[in-house]
Structure formats: C-alpha cells, structure tokens
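# Report on the structure
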Amino acid sequence: MCICKLFYKMLLKNLKMLSFCEKIRKNACRLIIILYLCSANTKYEIKMSNLIKPEGYKALLDMRQTEMGIKMIKEFFQQNLSTELRLCRVTAPLFVLKGLGINDDLNGVERPVTFPIKDLGEAQAEVVHSLAKWKRLTLAEYEIEPAYGVYTDMNAIRADEELDNLHSLYVDQWDWEAVITKEDRTIAFLENIVRRIYGAILRTEFLACEHYPQLKPFLPKEIHFIHAQDLLDMYPDLSPKEREDAICKKYGAVFVEGIGGKLSDGKKHDGRAPDYDDWSTVAENGKMGLNGDILIWYPVLGRSFELSSMGIRVDEDTIVSQCKASHCEGRLTLPYHQMIQNKELPYTIGGGIGQSRLCMLLLNKAHVGEVQASIWPQKMIDECEKHNIHLL
C-alpha cells in the first residue's frame, strides 16, 4: 500500500482526536480528500487536450484587481439586466425535491447531485442544474403581469461536466424569466429581448475598460442572428462546434436560433431538454424553434464562447409534442408538466447568463478558474501554472 493511502487511513482514524483549532481541522479534512484522490488506485483523470493554453498569455489584471473587477461587473450587469427587462430579484433554492419535475436536465442526460433529507424520511433532494422550471412556478405564485419578470443568482453543481477553460463543476449564473402573452411567442419578440441583453453586455464592457485601461473593447456593436439550419447550410462539412467558431469569428457576436430540434442532416445542433425551451414551433419566418444561444468570438482563446442559453418556453401543446419526440412521455404526468398542460402557468421567456463567464470574458481571462473558486484536477492546475494561468 502506498504511503499516501496509509497516511490517508491514519488521518481518517485519528481526525476526531485532533485537538487543533477549527481552521486546522478543516485543512486536515481537505488534506484527507487530496491524499485519497492521489492514492495509487485513483480513477480521476482529465482530458488535457480540452485545455487551451494561449501562447504568451499573461493576465492583464492582478488577483486583487480581478476580485474587484468581478464585483464591479456582477453588480453593474445585474442592475442593467433588471432595468432593461423589468425584472425584480428573488431568492432561489440551491436544491429541490426529486420527483416533482422541477429540476432541469439540460441536455437530458446529466445526473443531478442528490442527497437524503433526514427530517423528511430520507426523501431525496437534488441540487438544481438550472432554475428554468422553478422560475415559471415563481412567476405564477407572485402573480407577475406580462412584460415583467424575475431574476436570481443561480448556483449549481454539475458533476458530469467535462472540465476545461470554460466548464467548471461549479456553475453560477443569472437565471431570469419574464411573463409574456400568447401573441409574444414569436421569433421577432425573442430577437428583441436578445438585443436588449446584448446591449447590457456592451455597457458592462465599456465600464470594465474605463475602469481598467489595460482592457480593450472587442465586442461588436450589433449581434448577428442566424438559424441553426442556415448555419448547417453555410458550413455542411463542419461539426456544430466548428460551425459556431466559423460564424462567430466572422461576426464577433451571434445568436444561433433553433437549438434542440433535428436539422436536415438528421442531427441536432445541440441538445435541449424537451420540457422548457420551445425548439419545435415553426416561427413566422418559417423556421423551427423559439430559442437559441448567445455566442461571442473570444480572441484570448481563439474560439467561440457561449454566454447565454435562452428561449421562449414550451406551451400546453409543445411540451406534449417535444416530450413524445424525445421519448419522455412519462414526464407528462409530473406535477409541473400537468400544470403547463392545464394552462395553470403563464407563458414565459427566460434563460441563464453565466456570471463567471461574463467576468472571464470582460476581464480577458484564459480560464474560468481565474474568476471563480472551484475544484480542478491537479494535472490541470500544474499545466495552467506553466502557462501563467493562475487558478483561484
């Protein structure tokens, strides 16, 4: 047995007898975890090919400036977002009860982090993936009128995430949702909301560059709109990710519409769960889908960068058709899904905007770990250090 494993077992056995101060006890707990993961039989590996290491990279802000910049960006942007879309801030849960259909499963395959609750007879709770469904319930409970909505700080743990420059186990985003009318369920309405959100991003970029002159603005003044099918027609020989890179490099900022449904090649541009975004309604432009992603061309990494996923939500008809198309008919009996089918919830539009991603983008960082504290494989930490990428 290796020395790491022996030391791990010894610490585990004697931790309760340690008479250290609380801070040292916490550090001992962390050491136990680290030693265990470093044991001879560890199975934790990272695909380092996913890590982009920009040549000659050097952060433009030191760690203190970075922390101040994070605070400034978050405070300024959320105020702009709430003003622009008439949103009031609400308090949101970190976890919800399993089996109610409230938690989101994103692409339909991600596993939520679960735990039993002693005082509820060991009922299982799930850490949220996002709050798309919960927000719609909240709008109904608060009796929010059309053209108004809510936003919240959403924090989540996504255990199945493949870690790289943009993806972390820890997710923090502004989740927002607004009430709309049946007549608002159009692509024109969606694009208007996208332009207003992008305007808030531009104003935040201006503030960051004014505060830190070493930062230079790079976002275009306008965002370009394109449907996923048109993108496929433009670049038929490229993968979805390569198509995003190509169109973003051309226009700088792009909103790709119609994500979740199958395209002419029989494949989806990207996955979407069938029970929140409407990706199947044929819009007034004759194209399918009332949702999409805001993508930015990010010079620091030389790739496209998803900043937000959003859309008009399913109605009483599309929740049924999309669940059937995705072979998820069983969900239609869940309380949340029944409320939509019975028209007990308002029509809404909503999405999530990555907080750490926005800070990373506007502070010109090469890795999301430079603007948020999370857990990273030691191999990634070491590789980042070699390239002047200092993870928090």
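Residues numbered from 1 in each chain as written. Predicted model: local features only at pLDDT ≥ 70, side-chain atom pairs only at ≥ 80, totals over all residues. Heavy atoms only, no water.

## Thoughts on the environment of Trp297
With respect to the helices and strands, Trp297 occurs in strand 9 (residues 291–298). C-alpha separation for the pair Trp297 and Pro220, spaced 77 residues apart in sequence, amounts to 9.8 Å. If we skip the residues at most four places from it in the chain, Trp297 touches Phe218, Asp245, Cys248, Lys249, Gly252, Gly302, Arg303 and Ser304. (Helix = DSSP H or I, 4+ residues; strand = E, 2+ residues; numbered from the N terminus. Contact = heavy atoms within 4.5 Å.)

## Structural notes on the packing of helix 3 (residues 63–85) against helix 10 (residues 355–362)
Think of two packed helices as two axes; the pair is described by the angle between the axes and how far apart they sit. The interhelical angle for the contact between helix 3 and helix 10, taken along N-to-C directions, is 120 degrees, at an axis separation of 10 Å. By the angle between their directions, the pair helix 3 and helix 10 is classed as oblique. In this structure, helix 3 meets helix 10 at a crossing whose hand is right-handed. Contacts from Ile70, Ile73, Lys74 and Phe77 in helix 3 reach Gln355, Leu358, Cys359 and Leu362 in helix 10. (Axes fitted to C-alpha atoms, helices over the stretch in contact; angles between N-to-C directions. Parallel < 35°, antiparallel > 145°, perpendicular 65-115°, else oblique. Left-handed = near helix turned anticlockwise from the far one by under 90°.)

## A closer look at the pattern of salt bridges
For the coordinates displayed, the defined rule picks out 24 salt bridges. Across the salt bridge formed by Asp153 and Arg89, the nearest N and O atoms sit 2.8 Å from each other. Of the two residues, Asp153 sits in strand 5 (residues 149–157) while Arg89 sits in strand 1 (residues 87–89), which places them 64 residues apart along the sequence. According to the relative accessible area criterion, Arg89 is partly exposed, its value standing at 44%. Of the charged contacts, one joins Glu316 and Lys343 as a salt bridge, the two residues approaching to 3.9 Å between their closest N and O atoms. Within this pair, whereas Glu316 is found in the loop between strand 10 (303–312) and helix 8 (318–325), its partner Lys343 is found in the loop between helix 9 (335–341) and strand 11 (348–354), the two being separated by 27 residues in sequence. Residue Glu316 is classed as buried on the basis of its relative accessible area of 11%. Judged by relative accessible area, Lys343 falls into the exposed class, the value being 57%. (Salt bridge = Lys/Arg side-chain N within 4 Å of Asp/Glu carboxyl O. Buried < 20%, exposed > 50% of the residue type's maximum accessible area, 1.4 Å probe, protein only.)

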